[in-house]
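Remarks on the overall topology
Below, each chain spelled out in residue letters.
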Amino acid sequence: MPVRSVRLIVAALLGACLTSIALAAGPTLVLRGDVATTRGMMEDVAKAWARSGHGKIDLQPFNTASGLDALRNGSADIAGSARPGNGSAAEAGLVFTPVAWDAMVMITHPSNPVSSLTLQQVHDIYYGKITNWNQVGGRSEPIDVYAAASPGDGVEFSLRKLLFGRGNQPVAAPRLYVNTAKLEEAVTLDPKALGATTLSRVAANGKVKMIRIDGVAPSASTVASGSYKLYAPLYLVTNPSSPHAAEAKAFVDFATSDKAVAALRSHNTVPYAAGTALASMDASRRAQILAAVGARAVREPTPTAPPVAAPGATYASRAANAPTSERTAEARRALEERRAKAAETAAARASLKNIKGEATTVDAAAARGPAFAKVTASATVKSTAAKPRTYTVSKGDTLFSIARAHAVDVSDLRSWNHLKGNAVKAGQVLRIGER
């Protein structure tokens, strides 16, 4: 082989190795959060980050609250959030950086003839005042309102904040989903469905139909102009005390730089820096929406306070305390089961207070002889036996084995038989009941 060819091959191999090293630079960062942030839009930003030689982003879509939980407990380096920080002690110290503006869109099945709703109608459907599609120009059939659990899901929280002035407002939605991805899947199967998600999620999804609001279709251009009123920022959240805080901040800076603009726009979002006009008119826009629906902004209650239920709402505090992740949901179910079991045990003990005796069936009562007792209405045991039962200790018996066999306490056995310790001997006769 010519020397020149060998040199070219060696150079190519070295170049490939150096490229691999560059692409692998930096730690793998975990980004967990709502699907609006961690799927699609951030997938492309993460690819651009890796191509720039910074390293890999491990995307874990679920919902906003799970991302914030993971960021706080150290299992994630960055959280994706479709709502701003709530000012709670739990979120103190977390840094919320707005990355893009996304439209909150109402979706239904493509076969549904309704294509447009007013802000007032959307408010009243969520509030439980409008319950049939024929009230908004559709067929005579009930509206199946689908919703993601708020505040666990930031998209739902942001939409309710716009429509009701409070993000944890309970709504008339019997079907609650952990995130918008599951909600979207359900809407594709139900011609009567109505639910909320984001434009970035469903702009290219022909299996659902986006509803116009006050005649305006959701799009990146109508959001940018402010003519479509239901929009909100998407955030990347970092924790300055995280082990990878510097790398996480570098990724957020990258996501808000010109290098990520193309990725953000490809998903029908408006880069936050390009929406300065939207930020400046945000307060007036929110006031206009609340005035249109006859609501007013209210102070958000503390995370532990139950929200006020709306007429027609099918859940209340359950929504405000929705599970935030698979793990915490399972832990909550286990806790509820333990509490229920403890309450049942406590109730049983209370009902048997001051009652002593052994259980048997009526059919077996004859075989038990005079030891069988009945429980009266006054919850006392009246034995038909003239004398307390006795037991003759056999070889190998212990006080503990005797107590267990006769369903009595060891301390009672000692008391009834004036024993100072636990020692018994074969042939000894023990009382197995009070005098």
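A short tour of the structure in this document, coming up. None of the values given here were measured: they were computed from a predicted structure. (Residues numbered from 1 in each chain as written. Predicted model: local features only at pLDDT ≥ 70, side-chain atom pairs only at ≥ 80, totals over all residues. Heavy atoms only, no water.)

1. Points about unusual backbone geometry
The line we're drawing: Each helix is a run of H or I in the DSSP string that is no shorter than four residues. Each strand is a run of E no shorter than two, and both are numbered from the N terminus. A 1.4 Å probe rolled over the protein chains alone gives each residue an accessible area, and that area as a share of the maximum for its type sets the label: buried under 20%, exposed over 50%, partly exposed in between.
Even without a glycine there, the phi angle at Asp 214 is positive, about 55°. Locating Asp 214 in the fold gives a position in the loop between β10 (212-213) and α9 (220-225). Look at Asp 214 and you get partly exposed, because its relative accessible area is 44%. Positioned with a positive phi, Asn 268 is a non-glycine residue whose angle comes to about 60°. Locating Asn 268 in the fold gives a position in the loop between α11 (261-265) and β12 (270-271). With relative accessibility at 31%, the residue Asn 268 sits in the partly exposed group.

2. Quick look at the packing of helix α5 (residues 119-127) against helix α13 (residues 282-293)
Stated precisely, the cut-off is as follows: Geometry is summarised by axes, namely lines fitted to C-alpha atoms with helices restricted to the contacting stretch, and by angles between N-to-C directions that run from 0 to 180 degrees. Roughly parallel means an angle under 35 degrees; roughly antiparallel, over 145; roughly perpendicular, 65 to 115; everything else is oblique. Each crossing is labelled by how the near helix is turned from the far one, with a counterclockwise turn of less than a right angle marking it left-handed and a clockwise turn marking it right-handed. Only heavy atoms matter for contacts: two residues are in contact if any of them lie within 4.5 Å across the pair. All amino acids are sorted into three groups, where Ala, Val, Leu, Ile, Met, Phe, Trp, Tyr, Cys and Pro are nonpolar, Asp, Glu, Lys and Arg are charged, and the leftover types, Gly among them, are polar.
At a closest axis distance of 8 Å, the pairing of α5 and α13 adopts a crossing angle of 70°. Compared by their axis directions, α5 and α13 come out roughly perpendicular. For the pair α5 and α13, the sense of crossing is right-handed. Of the residues in α13, those touching α5 at Leu 119, Gln 120 and His 123 are Ile 289, Ala 292 and Val 293. A class-by-class count of the residues in the contact of α5 with α13 yields four nonpolar, two polar and no charged.

3. Here we look at the side chain of Arg 160
Test applied: In protein, a polar contact requires one atom able to donate a hydrogen and another able to accept it; more generally it is a pair of N or O atoms within 3.5 Å, and residues adjacent in sequence count only if both atoms are side-chain atoms.
For Arg 160, the position within the fold is in helix α6 (residues 154-164). For Arg 160, a relative accessible area of 0% puts it in the buried group. Polar side-chain contacts of Arg 160 include one of 2.9 Å to the backbone oxygen of Gln 169.

4. A few points about the pairing of strand β4 (residues 95-108)
Quick reminder of the rule: Whether two strands pair depends on DSSP finding at least two bridges between them.
With eleven of 14 residues buried, β4 is to be regarded as a mostly interior element. In this sheet, strand β11 (residues 231-238) lies alongside β4 in antiparallel orientation, the contact comprising eight bridges. Among the inter-strand pairings, Ala 100 is bridged to a residue of β11, identified as Leu 234. Here β4 pairs with β12 via two bridges, running antiparallel. Along β12, the bridge assignment pairs Trp 101 with Val 270.

5. A few points about the nonpolar core
For the record, the criterion: Buried residues of nine kinds, namely Ala, Val, Leu, Ile, Met, Phe, Trp, Tyr and Cys, make up a nonpolar core once their side-chain atoms join them within 4.5 Å.
By size, the foremost hydrophobic cluster in this structure holds 71 residues, and its most contacted members are Met 42, Val 45, Met 106, Leu 230, Leu 236 and Phe 251. Per-element accounting of this core gives the leading share, eight residues, to β4. Residues Val 393, Ala 403, Val 408 and Leu 413 belong to the second largest nonpolar core, which totals eleven residues.

6. Quick look at the pattern of salt bridges
As a reminder of what qualifies: The term salt bridge refers to a side-chain nitrogen of Lys or Arg lying within 4 Å of a carboxyl oxygen of Asp or Glu.
In this structure the tally under the stated criterion is eight salt bridges. In this structure, the salt-bridge partner of Glu 91 is Arg 83, at a minimum N-O distance of 2.6 Å. Using a relative accessible area of 7% as the deciding quantity, one classes Glu 91 as buried. By relative accessible area, which is 6% here, Arg 83 ends up buried. Here Arg 201 and Glu 184 are joined by a salt bridge, their closest N and O atoms 2.8 Å apart. Separated by 17 residues along the polypeptide, Arg 201 in helix α8 (residues 199-202) and Glu 184 in helix α7 (residues 180-187) bring together distant segments of the chain.

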